[in-house]
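These are the residues of each chain, in order.
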Amino acid sequence: ATGDPVEIAAWEEGSGLVLSDRGGLLRSLLVSGIDALEAGPSRVRLEQTISHHGAILDGATVLSPVGTLGAGAAVQALIQTLMNAQVSAGATMRSREFAMETETYSVVRSVLDGADARYRENMHVSGATLRRYSVDFQVAFETRGLIRAVLVVARDRALEFAERWNFRFRDIHAARPRLQRIVVVDAETPWTQAAQKTLETECEVLVPPGETTLLSTYLREAVPIGT
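Residues numbered from 1 in each chain as written. Predicted model: local features only at pLDDT ≥ 70, side-chain atom pairs only at ≥ 80, totals over all residues. Heavy atoms only, no water.

**Quick look at the pairing of strand 5 (residues 118-126)**
Here's step 1: Here eight bridges tie strand 5 to strand 6 (residues 132-142), and the two strands are oriented antiparallel to one another. Bridging across to strand 6, Val125 finds its partner in Tyr133.
Here's step 2: Taken together, strand 5 and the strand that follows it, strand 6, pair antiparallel across an intervening segment of five residues, in which Leu130 is found at a positive phi of about 75 degrees. (Pairing = 2+ DSSP bridges. Helix = DSSP H or I, 4+ residues; strand = E, 2+ residues; numbered from the N terminus.)

**Describing the pattern of salt bridges**
Here's step 1: For the structure on display, the rule yields ten salt bridges.
Here's step 2: Arg157 is the salt-bridge partner of Glu160, the closest N and O atoms lying 3.7 Å from each other.
Here's step 3: On the basis of relative accessibility, which here comes to 39%, the residue Arg157 falls in the partly exposed class.
Here's step 4: In this structure, a network of salt bridges that share partners links the residues Arg170, Arg181, Glu202 and Glu204. (Salt bridge = Lys/Arg side-chain N within 4 Å of Asp/Glu carboxyl O. Buried < 20%, exposed > 50% of the residue type's maximum accessible area, 1.4 Å probe, protein only.)

**Section: the nonpolar core**
Here's step 1: Counting 22 residues, the largest nonpolar core has Phe161, Trp165, Phe169, Val183, Trp191 and Leu199 as its most contacted members.
Here's step 2: Those elements that place two or more of their residues in this core are strand 5, strand 6, strand 7 (146-154), helix 5 (158-175), strand 8 (180-185) and helix 6 (193-200).
Here's step 3: Here the element with the most residues in this core is helix 5; it accounts for six residues.
Here's step 4: In this view, Trp191 contacts Ala154, Ala158, Phe161, Val185, Gln196, Leu199, Leu206 and Pro209; residues no more than four positions away in its chain are not counted.
Here's step 5: By size, the runner-up hydrophobic cluster in this structure holds 20 residues, among which are Ile182, Val205, Tyr218 and Leu219. (Core = buried A, V, L, I, M, F, W, Y, C linked by side-chain atoms within 4.5 Å. Contact = heavy atoms within 4.5 Å.)

**As for the environment of Arg157**
Here's step 1: Mapped onto the elements, Arg157 comes out in the loop between strand 7 and helix 5.
Here's step 2: Sequence separation between Arg157 and Ala195 is 38 residues; the distance between their C-alpha atoms is 9.3 Å.

**Regarding the packing of aromatic side chains**
Here's step 1: A complete count under the given rule lists five aromatic pairs for this structure.
Here's step 2: Aromatic pair Trp165 and Phe169: ring centres 5.0 Å apart, planes at 50 degrees, arrangement tilted. Residue Trp165 and its partner Phe169 are both found in helix 5; the two are separated by four residues, about one turn of the helix. Comparing Trp165 with Phe169, the two get one shared label, buried. (Phe/Tyr/Trp six-rings, centres within 6.5 Å; stacked < 30°, edge-to-face > 60°.)

**Here's the deal with the sheet that holds strand 3 (residues 56-58)**
Here's step 1: The four strands are arranged 1-2-4-3 in an open sheet whose pairing can be described as antiparallel. Each edge of the sheet is formed by a strand with only one pairing partner; in this case those strands are strand 1 (9-13) and strand 3. Looking at each pair of strands side by side, their axes are set apart by 35 degrees on average, direction ignored.
Here's step 2: Relative to strand 2 (residues 16-20), strand 1 runs antiparallel, the two being bridged by five bridges. Considered in strand 2, the bridge of Glu12 is made with Leu17.
Here's step 3: In the packing of helix 2 (residues 41-52) onto the sheet, contacts are made with strand 3 and strand 4 (61-65), and the angle to strand 3 comes to roughly 135 degrees. (Axes fitted to C-alpha atoms, helices over the stretch in contact; angles between N-to-C directions.)

Written out as structure tokens, the structure reads:
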């Protein structure tokens, strides 16, 4: 559903064949911000969707016995199972994100307006792997030249957020090296040194909790990449 490639393994077990996604579904979901490895609502939702199609979620791997379907039909069924599970989990994440907007978003809007920046909200940007990532703001502003940037707000689970966006920002940079990457940490988020170190090398500016004046300074003084 996100355009990620699907890699399937097959092996003999007992008198039949078993198919496996080799953990691809959970890896793809993790990149999208959904951690379904541990017990919790996301895990339960995935297990329900997968079991509805006759497969099981074993640790990080989706397994599906071939049975009487035949290998070709079983492969098609497993791919459909993975897509359905991904869409189901993604719908849960979108509804959760919609409810998670905090006061920091209003502060960011005020700063962008004050800097006469042009921006759009809830946009998607693609990376070198052709994956598309949802960003909170897509921004264009002038200092000593036109600068384009993406801005995301860190809301909770600091280290998980940092690890996820470390990969995403690196992928985005590989495809769009002149696009600057901004992170503003929500004022209520318990930010950590581990999260800071994980993320700071993959963004042009990282605004710690409650220090949005740094964003104002950046919008006034930033230099376009490559100048």
